[in-house]
Amino acid sequence: MASHLCGLGVIGEGKLLNQLTSQLKQEAVCSHLKLMANLALDENADTGAASHDVDDVINSDAVDIVVVATARVMPAYDMCRQALEMGKHVVTNNATMLAAHGEKLWRLAADKNVHLRFEAAVLGGAPILDGLFNHFQTQGVHRIYGSINVTSNYALMRMKDNDDTFVDALSDAAELGYAEKDPYVDVTGKDSLYRFSLLHLAAFGRWCNLSAQRVMGIEGVKDVDIKLAQKLGCNIKLLAQTDGSAVTVAPALLEEYAQIGNLSGTLAGVVVESSSTGPVFSCAHAADDAGVASALVGDCVKIAQGQRPWKLVERNVTAPEKSQYKRYFLRSSEEDAKVVAVSNHFQLIEECFVTLKGQNHKGCVFETSMPKNELIQFFEHGNMQSEYYLMDVFKG
């Protein structure tokens, strides 16, 4: 691969832009990239560069690669589209924009024979997408799963370790910069869907119809669920999965010593399962600006080194045969839990009890061959007399 010096135009905001400009000054990077134009979209970035408007950055003849490092969705799309139309390579970390509009940008990049790279959009500084687009293409990937939303991971950790309420845990996450002022996209599972749709694309060669995917957030998880999970030797995570047919996002019970179950704080992690290599685990502090910046710079360096653009290879997956029985966790009153114990639809595996604020709660793990939609209907149509909570028990 032939390497040459590429002119870089960076458009970004906040601490991430500061990290980017700092890393671009490193000697190892300077042999591949030269910062030609730098635009701060906010007043919180201190890059020391001359100000430009967006057109100045994108239209400059000295700029070969445009980096779009902003969380704003439509502005990011417009900037990426404009740069690609000009025949520039584009690097971005905006998973929300890519999940919604990436297919149009991908086709445009292919038409112009330029790069559209977004390693930083999924797992921060951990290089997982490049491996899926390249190394894993011949490895027979059949499932990817992980917990990749930092806000949810941090909030669930605080609820477990500090006995915080869900609201207090989110407030603490926002104070430390791990959550947006409005964490709706994070706690509802949408952010995980957006990021995982990119993993699905890289592994299986197909864009996701976002509205057709099953997504459930952590808003229904209560402190009693955390305590019941601990009694069972488990942790609760917002788990995203894809088997090549669909992406699902929902809270799940995972054994606490499992790789994903053991993630804490701001760590996010993904497991890629393939017939050739078995499970391969990647993790990173996904909200860390330095890690995100390093992934953006890494993409730019790969372009300068002459690596070919990513290509989509559509694959039909032959997954290992699965048991017809699925395992679930149910939190309910003691009286309602008898439904699981006596019904011939379910096999009770394990149960535990917690008393919280004067109320007794029962947690049980059971197996059933009943599809989940039928299971929910069974519980909702007169079989449960009080509040309950149902979630998957994940087996790695």
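Throughout this description, residue numbers start from 1 for each chain and increase along the sequence as written. Reporting in this predicted model follows two pLDDT cut-offs: at least 70 for local features of residues, and 80 or more for side-chain atom pairs to be given and counted; totals over whole chains, interfaces and linings ignore these cut-offs and use all residues. In computing side-chain values, all of the structure's heavy atoms are included and hydrogens and water are not.

J.: I'd love a proper account of the packing of helix 8 (residues 150-161) against helix 12 (residues 223-231), names of residues and values included.
T.: Axis angle and axis distance: for two packed helices, these are the angle between their axes and the distance between the axes, and together they describe the pair. Where helix 8 contacts helix 12, the axes come no closer than 9 Å and their chain directions differ by 75°. When the interaxial angle is binned, helix 8 and helix 12 end up roughly perpendicular. Residue-level contacts link Leu156, Met159 and Lys160 of helix 8 to Asp223, Ile226 and Gln230 of helix 12. Residues are grouped as follows: nonpolar covers Ala, Val, Leu, Ile, Met, Phe, Trp, Tyr, Cys and Pro; charged covers Asp, Glu, Lys and Arg; every other residue, Gly included, is treated as polar. Per-class residue counts for the contact of helix 8 with helix 12 are 3 nonpolar, 1 polar and 2 charged. To define axes, lines are fitted to C-alpha atoms, for helices over the stretch in contact only, and angles between the resulting N-to-C directions are given on a 0 to 180 degree scale. Secondary structure counts use DSSP, requiring at least four H or I residues in a row for a helix and at least two E residues in a row for a strand, with both numbered from the N terminus. For this classification, under 35 degrees means roughly parallel, over 145 means roughly antiparallel, 65 to 115 means roughly perpendicular, and everything else is oblique. We call two residues contacting when some pair of their heavy atoms lies within 4.5 Å.

J.: Pulling in residues and values, what's your account of the nonpolar core?
T.: Here, nonpolar core refers to any group of buried Ala, Val, Leu, Ile, Met, Phe, Trp, Tyr and Cys residues whose side-chain atoms link them within 4.5 Å. Under the scheme applied here, a residue whose accessible area is under 20% of the maximum for its type counts as buried, over 50% as exposed, and between as partly exposed, the area being computed with a 1.4 Å probe on protein chains only. Ranked by internal contacts, the top residues of the largest apolar core, which has 85 residues, are Phe118, Leu132 and Ile144. Sorting elements by how many residues they give to this core places helix 11 (residues 190-204) first, with 9 residues. Ignoring any residue separated from it by four or fewer positions in sequence, one finds Ile144 in contact with Leu132, Phe196, Leu199, Ala203, Phe204, Ala240, Gln241, Thr242, Val270, Val271 and Val272. Core analysis: the second largest hydrophobic core is formed by 23 residues, Val10, Leu24, Val67 and Ile303 among them.

J.: If you had to explain the pattern of salt bridges to someone new, which residues and values would you point to?
T.: Salt bridge, as used here, is a side-chain nitrogen of Lys or Arg placed within 4 Å of a carboxyl oxygen of Asp or Glu. According to the stated counting rule, one finds 20 salt bridges in the structure shown. Between Arg331 and Asp225 there is a salt bridge, and its shortest N-O distance comes to 2.7 Å. Of this pair, Arg331 sits in strand 12 (residues 326-332) while Asp225 sits in helix 12, and the two are 106 residues apart along the sequence. A single burial state applies to Arg331 and to Asp225, both of which are buried. Across the salt bridge formed by Glu351 and Lys362, the nearest N and O atoms sit 2.8 Å from each other. Taken together, the residues span a long stretch of sequence, with Glu351 in strand 13 (residues 347-356) and Lys362 in strand 14 (residues 359-368) at a distance of 11 residues. Assessed through its relative accessible area of 38%, Glu351 is described here as partly exposed.

J.: I'd like a rundown of the layout of surface pockets, residues and numbers included.
T.: Buriedness for pockets is judged along seven lines, at least five of which must meet protein on both sides within 12 Å for an open set on the 1 Å grid over protein atoms alone, while cavities are sets there where a 1.4 Å probe fits but cannot get out, and lining residues have an atom within 4 Å of a point. Grid points are joined across faces, edges and corners, and a volume is the space filled by probe spheres set on the points. Within this model, the largest pocket holds a volume of roughly 1,400 Å³. In terms of lining, the largest pocket is formed by 40 residues, of which the most central are Ala71, Gly177, Glu180, Arg195 and Asp289. Looking at the lining of the largest pocket, the elements that each hand over two or more residues are helix 1 (14-23), helix 5 (95-112), helix 6 (120-123), helix 8, helix 10 (184-187), helix 11 and helix 13 (289-304). Residue classes in the lining of the largest pocket are distributed as 19 nonpolar, 11 polar and 10 charged.

J.: Break down the sheet that holds strand 3 (residues 65-69) for me, with residues and values.
T.: Whether two strands pair comes down to DSSP finding at least two bridges between them. Spatially, 5 strands are ordered 2-1-3-4-5 in an open sheet, and the strand pairing comes out parallel. Looking at which strands have only one partner, the edges of the open sheet turn out to be strand 2 (33-40) and strand 5 (116-117). As paired elements, strand 4 (residues 89-92) and strand 5 share 2 bridges and run parallel to each other. Across the sheet, Val91 pairs through a bridge with Arg117, a residue of strand 5.

J.: So what's going on with the pairing of strand 13? Residues and values would help.
T.: Within a regular beta strand, the side chains point alternately toward one face of the sheet and then the other, so they alternate between its two faces. Where strand 13 and strand 14 come together, 9 bridges link them in antiparallel fashion. Bridging across to strand 14, Cys352 finds its partner in Gly363. Connecting strand 13 to the next strand, strand 14, in antiparallel fashion are 2 residues, including Lys357 with a positive phi near 55°.

J.: Give me the lowdown on the environment of Phe366, citing residues and values where you can.
T.: Relative to the elements of secondary structure, Phe366 occurs in strand 14. Taking C-alpha positions, Phe366 is 7.0 Å from Glu350, a pair spaced 16 residues apart along the chain. Apart from the residues within four sequence positions on either side, Phe366 is in contact with Lys326, Arg327, Tyr328, Leu330, Val340, Phe346, Gln347, Leu348, Ile349, Leu375, Phe379 and Leu390.

J.: Before we move on, can you summarise empty space enclosed by the protein with the specific residues and values?
T.: Evaluation of the coordinates by the stated rule reveals 2 cavities of 30 Å³ or more. For the largest cavity, the full set of lining residues is Arg214, Leu239, Gln241, Thr248, Val249, Ala250, Pro251, Ala252 and Asp392. Those elements that place two or more of their residues in the lining of the largest cavity are strand 8 (234-242) and strand 9 (247-255). Here the element with the most residues in the lining of the largest cavity is strand 9; it accounts for 5 residues. Its residues placed into classes, the lining of the largest cavity shows 5 nonpolar, 2 polar and 2 charged. Estimates place the volume of the second largest cavity at around 30 Å³.

J.: How would you explain helix 4 (residues 73-85) if you had to name every residue and give the values?
T.: Every α-helical turn comprises 3.6 residues, leaving residues that sit three or four positions apart pointing alike. Helix span is expected to be 1.5 Å times the residue number reduced by one. Between its first and last C-alpha atoms helix 4 spans 18 Å; for 13 residues at 1.5 Å apiece the expected length is 18 Å, and the two agree. Along helix 4, the positions that sit buried rather than exposed are Ala76, Tyr77, Met79, Cys80, Ala83 and Leu84. Considered in projection along helix 4, the buried side chains sweep an arc of 165° and stay on one side of the axis. Buried residues in helix 4 make contact with strand 1 (6-12), helix 3 (54-59), strand 3, strand 4 and helix 5. One or two steps after helix 4, the chain reaches Gly87, where phi turns positive at roughly 80°. When we speak of the arc, we mean the arc of directions from the helix axis to the C-beta atoms.

J.: Break down unusual backbone geometry for me, with residues and values.
T.: You will see that Asn113, though not glycine, has its phi angle at about 55°, which is positive. Looking at where Asn113 falls in the secondary structure, it is placed in the loop between helix 5 and strand 5. Located in the positive-phi region is Lys357, a residue other than glycine, with phi close to 55°. You can see Lys357 is positioned in the loop between strand 13 and strand 14.

J.: Pulling in residues and values, what's your account of the packing of aromatic side chains?
T.: Each Phe, Tyr or Trp ring (for Trp, its six-membered ring) is paired with any other whose centre lies within 6.5 Å, and the angle between the two planes then decides the class: stacked below 30 degrees, edge-to-face above 60, tilted in between. Counting across every chain of the model gives 15 aromatic pairs. For the ring pair Phe378 and Phe379, a centre distance of 5.7 Å and an interplane angle of 65° mean the geometry is edge-to-face. Judged by relative accessible area, Phe379 falls into the buried class, the value being 1%. Three or more aromatic residues joined by ring pairs form one cluster here, namely Tyr328, Phe346, Phe366, Phe378, Phe379 and Tyr388.

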